[in-house]
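Here is what each chain is made of, one letter per residue.
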Amino acid sequence: MSYPFFEVENLTKRFGGLTAVNRVSFQIGRDEIVGLIGPNGAGKTTLLRLITGILRPDSGRVRFKGKDITGFKPWAIVDQGITGTFQITRPFRRLPIIANVMVPCLCPRALKRGEWVKKIEAKAQDALEFVGISDMALEKASSLSHGDLKRLEIAKAIATEPELLLLDEPFGGLNPAETELLAKSIRRLHKGGRFGRLHSEGPTMIIIEHKLAELMKIVDRVIVFHFGEVIADGTPEEIVKDERVIEAYIGKEVI
Amino acid sequence: MGTISIYIGRLYKDFKGGILVLPSRTIAFFFCLLLLLIPLITTEPYILRVLILSSIFAIFAASWDLLSGYTGQMNFGHALFFGVAAYTSALLNLHVGLPPWLTIPLGALAAVLAGLIVGVPCLRLRGPYLALATLAFPLILTGIIFVIPGITGGELGISGIDPLSGSRLTDYYIAVILMLGLGFVMWKITASKTGLIFHAIREDEVAVRASGINTTRYKLLAFCLSGLFAGVAGGMYVHFMRIAGPSTLELMLSFQAIIWVIFGGIATIYGPIAGVFILYPFMEFLRIIPEIRMLVFATLVVLILLFMPEGLTTWVRDKIEKECPRCKLRNIATRKSCRVCRADLD
Ligand SMILES: Nc1ncnc2c1ncn2[C@@H]1O[C@H](COP(=O)(O)OP(=O)(O)O)[C@@H](O)[C@H]1O
Ligand SMILES: [Mg+2]
């Protein structure tokens, strides 16, 4: 029997009277890069947090490689192969940047897959190298700029060697040149392979992003969110022509 | 003859490169040396007694630091571990007849169990709620002790316990060597991968979870390890004082641990040890002015916190050493360039 690589089904999350995620269902194949877009407050971050186990859904299921992982603890989700980043970065401020990345390198999944890596520190260094901040490795995380914190967030996520990587606004706060560079890195990561002692499975990705022009260049498919519901799902070309999407995005701003 | 001088030469070189190179290490080295050599200077029982109790409380304070300083799980009832081990050791000694070298480890194991019992309900609590919950546990145990005075001796406690060794000098060496050894072990734990995760949990627990690490397990581990070391201190205390009373569970003892740690320097392990070895003898000295003893003590602590908010050892260390801006290695403050990477120090 075949099953989708990743699937959410009727996922719902309410905050008091507000339904932030409302009966959301979609499936994703192994090698896809999917963009998740929608106006502010549409519920994208909440959906990501439901998948990574930071929040528990009120109802609905999350399945990964045929296994029901709904309600798993965050570390168990990472163990399965799903890692997400935080939209508002959460560094360990008073620790050196290298130590920030050593923490995810110490998770059971990373230790199992990286048995051949002699030193955790070396692997963390390569993850920093990959996102381009290895020269700052010994500085305290609190000294990083906003853009570099975003990169640190990604270095921490890829250190767990995920098969499904969820990025929450990775380009937020980056200038065009930085965005370009990061987009390139993301594509390289998706291809998979070895970056020094860091191994990439070539993870499937869900990328939440507001910079649509950049996003559309990377993704194969776009899911559009509005008021907690999926209002469109298709290739970038289809999405930019979709009536409801235009209305949700531009319509409001014009009025 | 030749080989011996080679060895001595090598030893001196290691000593110079490993210890004399940094003033903080030199201070630590001479502190250890002084403690071990004090009996050559004086065997005055009162002085040895103060130093023995300082050693015991140093283990206790460092164990609080290991839990609360590192993982940020504020434990306001640390005396629980001390008291549980104290009563366990006392009862095992008195009723089962076990010798101190067995009752102390068994008492410490009982404290580990206490760590689990406290740790599990505290996993879900944060901030003031965690503080209140931890505060309550020793009070509950004190209550139980007063309910069953037949076993626990009630207010009077359990007396007639075997002495640690019988000789003040041997007691002294047991206490000092255990303190130095366990202090070293705790310091090693905090410098390990487990220590890194403790640090990270204090900084941002949610982010540690999202990094795939079972924070529940590590927080419980911290409670148990902390209980273990605090328990050794409790067991030693009982055999040294030869009485286990409700004072081993007192609120004041829990707070004392926090004061020692914050005074000495939180999340350092050596800070609490320094804190106890300064404050405890000082407190004893102040007995000559009993009326204003507490006032002087409190004033000193407040002043230190005001001018050295990160604690005494951290403050001193920053004065006598500088971090190389490039390689982050520490150097003696008088150097102009880093001893390893030659970068300018300023
Ligand atoms: N922890 C929370 N408690 C209450 N409301 C929340 C919480 N997190 C998000 N929300 C609300 O849920 C809605 C969706 O938020 P979010 O998922 O962050 O949107 P997006 O990431 O698409 O901008 C918003 O209205 C937000 O205010
Ligand atoms: Mg968001």
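It should be noted that the structure appears before, not after, this text.
Residues numbered from 1 in each chain as written. Chains lettered and ligands numbered in written order. Predicted model: local features only at pLDDT ≥ 70, side-chain atom pairs only at ≥ 80, totals over all residues.

Draft legend 1. Here's a closer look at the overall build of chain B. A tally of helices and strands in chain B yields 15 helices and 4 strands. The C-alpha atoms of chain B give 21 Å as radius of gyration, which agrees with the globular expectation for 346 residues (20 Å, within 12%). The dimensions of chain B, computed from C-alpha atoms along their principal axes, are 70 × 55 × 45 Å. Burial statistics for chain B: of 346 residues in total, 44% are counted as buried. (Helix = DSSP H or I, 4+ residues; strand = E, 2+ residues; numbered from the N terminus. Rg over C-alpha atoms; globule rule 2.2 N^0.38 Å. Buried ≥ 20, exposed ≤ 12 C-beta atoms within 10 Å, placed from the backbone.)

Draft legend 2. Fine view of the overall build of chain A. Assigned secondary structure in chain A consists of 10 helices and 12 strands. A globule of 255 residues ought to have a C-alpha radius of gyration of about 18 Å, and chain A, at 18 Å, matches this closely. Over its C-alpha atoms, taken along the principal directions, chain A stretches across nearly 50 × 45 × 35 Å. In chain A, which comprises 255 residues, the share counted as buried stands at 46%. Here the contacts in chain A between residues at least 6 apart in sequence split such that 67% fall between residues at least 24 apart. (Contact = placed C-beta atoms within 7 Å.)

Draft legend 3. Just unusual backbone geometry, in detail. Backbone geometry at phenylalanine 227 of chain A places phi at a positive 45 degrees, although glycine is not the residue there. Within the secondary structure, phenylalanine 227 of chain A sits in the loop between β11 (221-226) and β12 (229-234). Assessed through the 16 C-beta atoms surrounding it within 10 Å, phenylalanine 227 of chain A is described here as partly exposed. Located in the positive-phi region is alanine 267 of chain B, a residue other than glycine, with phi close to 55 degrees.

Draft legend 4. Focus on the sheet that holds strand β10 (residues 204-208) of chain A. Residues and elements named next belong to chain A. Read from one edge of the open sheet, 6 strands run β6-β7-β10-β3-β11-β12, paired in mixed fashion. Either end of the sheet is taken by a strand with one partner, and the two such strands are β6 (82-84) and β12. Across the sheet, the axes of successive neighbouring strands diverge by a mean angle of 15 degrees, strand direction being ignored. Taken together, the 4 bridges between strand β3 (residues 33-37) and β10 define a ladder with parallel strand orientation. Looking at the pairing, valine 34 lines up with isoleucine 206 of β10. (Pairing = 2+ DSSP bridges. Axes fitted to C-alpha atoms, helices over the stretch in contact; angles between N-to-C directions.)

Draft legend 5. Focus on the site of ligand 1. Residues and elements named next belong to chain A. In the neighbourhood of ligand 1, the contacting residues comprise Phe15, Leu18, Ala20, Gly38, Asn40, Gly41, Ala42, Gly43, Lys44, Thr45 and Thr46. Among the elements of the structure, β2 (18-28) and α1 (44-52) are those that each provide at least two residues to the shell around ligand 1. Of the residues forming the shell around ligand 1, the biggest block, 3 residues, is contributed by α1. For the shell around ligand 1, the residue count by class is 4 nonpolar, 6 polar and 1 charged. (Near = placed C-beta within 6 Å. Nonpolar A, V, L, I, M, F, W, Y, C, P; charged D, E, K, R; others polar.)

Draft legend 6. Region of the structure containing the sheet that holds β2 of chain A. Residue and element names in this part refer to chain A. Pairing is antiparallel in the open sheet, where 4 strands are placed in the order β2-β1-β4-β5. Edge positions in the sheet fall to β2 and β5 (67-68), since each of these pairs with one other strand and no more. In this sheet, strand β4 (residues 59-64) lies alongside strand β1 (residues 6-15) in antiparallel orientation, the contact comprising 5 bridges. The residue bridging glutamate 7 from the neighbouring strand is arginine 63, located in β4.

So far we have only geometry, and geometry alone does not tell us how the molecule works.
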